[in-house]
Amino acid sequence: MTKSANTMWGGRFAAGPDAIMEAINASIGYDRRLAPQDIAGSRAHAAMLAATGIISDNDAKAIREGLLTVLSEIETGDFPFSTALEDIHMNVEARLRDLIGEPAGRLHTARSRNDQVAVDFRLWVRDQCDQADEALAALCRALLAQAEAGADWVMPGFTHLQTAQPVTWGHHMLAYVEMFARDRSRFADARARMNTSPLGAAALAGTSFPIDRQMTATALGFDRPMSNSLDAVADRDFALEFLASASICAMHLSRLAEELVIWSSAQFRFVKMSDKWSTGSSIMPQKRNPDAAELIRAKIGRIFGANVALMTVMKGLPLTYSKDMQEDKEQTFDAADNLMLALAAMTGMVADMTAERDNLKAAAAGGFSTATDLADWLVRELGLPFRDAHHVTGSLVAMAEGKDCDLPDLTLADMQSVHDGIRADVFDVLGVENSVASRTSFGGTAPSQVRAQVAHWKEVLK
């Protein structure tokens, strides 16, 4: 490749890089997706240069119209991307020069590729925060619909994946609404922090031209320009915060995916997954495999990996820009793509799945799930210290195990043989419906609490 093949190298080098250097140096294979943000940034910059008298209005007009033509070519697939031009910035600028000639060379006045890529990438990540928020809201609505439908459906609540106490299906669904709502708040917090503009920091030290950074910040929807030119070009915290938020969200998705895999198994039969989100076996005709849930569970690793990768890229970099930072985008793009795919798939699965109410109730009644209710009754009605009530209840559980029955199946005489103060009304608290109905503390599993929370989240998600 000759020097003329890549004019960005200017007069410093007698010859351009060889093919290997070109391959390792080029980023156009993936950063071309920043084209809309790059052109938006360039249009704002050109308008500011004209407003401050740095370039003429005629040059600004030619640049503006030329950039719109470039954007149209990219959107229609007619743009001639070139690896020799390395990145989206030089590809756009070179094409702009083809279209409008000399005025294109004035566009780069008072800026550098350092602040240019910083603003492009920041705009792109900001858009991803908005899209993640919308996708999470849709998932929360799907979960909320399940919660409302099953506000009083009993199911086992688990600790250690062992039956603990009865809860309601609606309460379980609302737990994930809470998780994903926190994810929304994290993306919103990250977006608010990243909403400052690096444009105008130039290479690292600012510029001697009389630019108006607030003008470009406002044009691009930023709250204000960044206050330190070194930080403006060196910062990738915005991408790291996005990836950290995405990683926590992905972890929540994986937990729900794991439950769907378990619940749809023949051993649990808590939910039936829609055929839209399941596949069959090539050899076992009875199988319905929860492949979508399993793939979500697996894709989460790519999001975690992107977070670790970018942290590793940034951890040893001195101020300001180093070429290492070109490695900030590819994994962030991949993480964002996979997060959006996982959110869409999970929303579809949740919306289409059917809770097997009878199976949930049958499982809720097993495993001595109302033992805590019995202990609470002994404290409340007989005045026993909780530790004594715990001991009495444990003895009754052991008796039921020996008789191969559950607590409600013991006779009053059986219970009085352990503690003679137990009365017949103890059986009122041993049914699973009575158990969940009694949990009326704020945030509890009682259907009344579930319905109150459903109403709250409906208002939030309007």
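Residues numbered from 1 in each chain as written. Predicted model: local features only at pLDDT ≥ 70, side-chain atom pairs only at ≥ 80, totals over all residues. Heavy atoms only, no water.

Participant: Break down the pairing of strand β2 (residues 162-168) for me, with residues and values.
Facilitator: In this structure, strand β1 (residues 154-159) lies alongside β2, joined through six bridges in antiparallel fashion. The residue bridging Met155 from the neighbouring strand is Val167, located in β2. Taking the residues that link successive antiparallel strands as the turn, the β1-β2 hairpin has two residues, and the phi of His160 there is positive, at about 60°. (Pairing = 2+ DSSP bridges. Helix = DSSP H or I, 4+ residues; strand = E, 2+ residues; numbered from the N terminus.)

Participant: Quick one: what's the story with the packing of helix α6 (residues 113-149) against helix α10 (residues 237-263), residue by residue and with numbers?
Facilitator: One can describe the packing of α6 onto α10 by two numbers: an axis separation of 10 Å at closest approach and a directional angle of 20°. Between α6 and α10, the angle falls in the class roughly parallel. Between α6 and α10 lies a crossing of left-handed hand. Taking contact as the criterion, the partners of Ala118, Phe121, Arg122, Val125, Gln128, Cys129, Leu136, Leu139 and Leu143 in α6 are, on α10, Phe238, Ala239, Phe242, Cys249, Leu253 and Leu256. Split by residue class, the contact of α6 with α10 holds 13 nonpolar, one polar and one charged. (Axes fitted to C-alpha atoms, helices over the stretch in contact; angles between N-to-C directions. Parallel < 35°, antiparallel > 145°, perpendicular 65-115°, else oblique. Left-handed = near helix turned anticlockwise from the far one by under 90°. Contact = heavy atoms within 4.5 Å. Nonpolar A, V, L, I, M, F, W, Y, C, P; charged D, E, K, R; others polar.)

Participant: Tell me what's going on with the pattern of salt bridges, and back it up with residues and numbers.
Facilitator: The final tally for this structure, using the stated rule, is 27 salt bridges. Its salt-bridge partner being Asp183, residue Arg186 comes within 3.1 Å of it at the nearest N-O pair. Note that Arg186 and Asp183 are positioned in helix α7 (residues 169-194) at a spacing of three residues, about one turn of the helix. A relative accessible area of 24% places Arg186 in the partly exposed class. With a closest N to O distance of 2.6 Å, Asp328 and Arg236 form a salt bridge. Taken together, the residues Asp328 in the loop between α11 (291-314) and α12 (329-352) and Arg236 in the loop between α9 (229-234) and α10 connect sequence positions 92 residues apart. (Salt bridge = Lys/Arg side-chain N within 4 Å of Asp/Glu carboxyl O. Buried < 20%, exposed > 50% of the residue type's maximum accessible area, 1.4 Å probe, protein only.)

Participant: Explain the packing of aromatic side chains to me, and be specific about the residues and the numbers.
Facilitator: Evaluated as defined, the whole model comprises ten aromatic pairs. Measuring from ring centre to ring centre gives 6.3 Å for Phe158 and Phe268, while their planes differ by 55°; the resulting arrangement is tilted. Here Phe158 is found in strand β1, whereas its partner Phe268 is found in the loop between α10 and β5 (271-272), with 110 residues between them in sequence. Take Phe158: its relative accessible area is 24%, and that puts it in the partly exposed class. The exposure class assigned to Phe268 is partly exposed, which follows from its relative accessible area of 24%. (Phe/Tyr/Trp six-rings, centres within 6.5 Å; stacked < 30°, edge-to-face > 60°.)

Participant: Requested: an account of unusual backbone geometry, with residues and values cited.
Facilitator: Here the bond from Leu319 into Thr320 is cis, since omega is 10°, no more than 30 degrees from zero. Note on placement: Thr320 falls in the loop between α11 and α12. Not every positive phi belongs to a glycine, and Ala110 is a case in point at roughly 65°. Summarising the element assignment, Ala110 is placed in the loop between α5 (88-100) and α6. For Ala110, a relative accessible area of 9% corresponds to the buried category.

Participant: How would you sum up the side chain of Arg126? Please name residues and give values.
Facilitator: With respect to the secondary-structure elements, Arg126 resides in helix α6. Asp127 provides the closest opposite charge to the buried, salt-bridge-free Arg126, at an N-O distance of 4.7 Å. Every residue in contact with Arg126, bar those within four places of it in the chain, is listed here: Arg191, Met194, Asn195, Leu220, Gly221 and Phe222. (Lys, Arg positive; Asp, Glu negative; His and termini not counted.)

Participant: Describe in detail the side chain of Ser112, supporting the description with residues and values.
Facilitator: By secondary structure assignment, the location of Ser112 is in the loop between α5 and α6. Within polar-contact distance, the side chain of Ser112 engages the backbone nitrogen of Asn114 at 2.9 Å. When sequence neighbours within four positions are dropped, the list of residues in contact with Ser112 reads Ala202 and Ala203. (Polar contact = N/O pair within 3.5 Å; in protein donor to acceptor, adjacent residues only side chain to side chain.)

Participant: An account of the environment of Pro318 is needed here, citing residue identities and associated values.
Facilitator: For Pro318, the position within the fold is in the loop between α11 and α12. Given the relative accessible area of 55%, Pro318 is considered exposed. In this structure the C-alpha to C-alpha distance between Pro318 and Ala234, which are 84 residues apart in sequence, comes to 8.7 Å.

Participant: I'd love a proper account of helix α14 (residues 371-382), names of residues and values included.
Facilitator: In this model α14 runs 16 Å from its N-terminal to its C-terminal C-alpha over twelve residues, within 8% of the 16 Å that 1.5 Å per residue would give. Ala371, Asp373, Leu374, Ala375, Trp377 and Leu378 are the residues of α14 that are buried. Of the surrounding elements, those touching the buried residues of α14 are β2, α15 (386-403) and α17 (432-438). Positive phi shows up at Gly383, right after α14, with a value of about 75°. (Expected span 1.5 Å × (residues − 1).)

Participant: So what about the environment of Glu259? Which residues, and what values?
Facilitator: Within the secondary structure, Glu259 sits in helix α10. Residue classification places Glu259 among the buried positions, given a relative accessible area of 18%. Note: C-alpha distance between Glu259 and Val271 (twelve residues apart in sequence) is 9.9 Å. Leave out the neighbours within four places in its chain, and Glu259 touches His172 and Tyr176. Polar contacts involving the side chain of Glu259 include one to the side chain of Tyr176, which spans 2.9 Å.

Participant: Let's hear about the nonpolar core: which residues, and what values?
Facilitator: The biggest cluster of nonpolar side chains holds 98 residues, and the ones touching the most others in it are Trp169, Leu253 and Met346. Beyond its immediate chain neighbours, meaning those up to four positions away, Leu253 contacts Leu139, Phe180, Ile296, Ile300, Leu339, Ala342, Leu343 and Met346. Residues Ala389, Leu407, Val429 and Leu430 belong to the second largest nonpolar core, which totals 19 residues. (Core = buried A, V, L, I, M, F, W, Y, C linked by side-chain atoms within 4.5 Å.)

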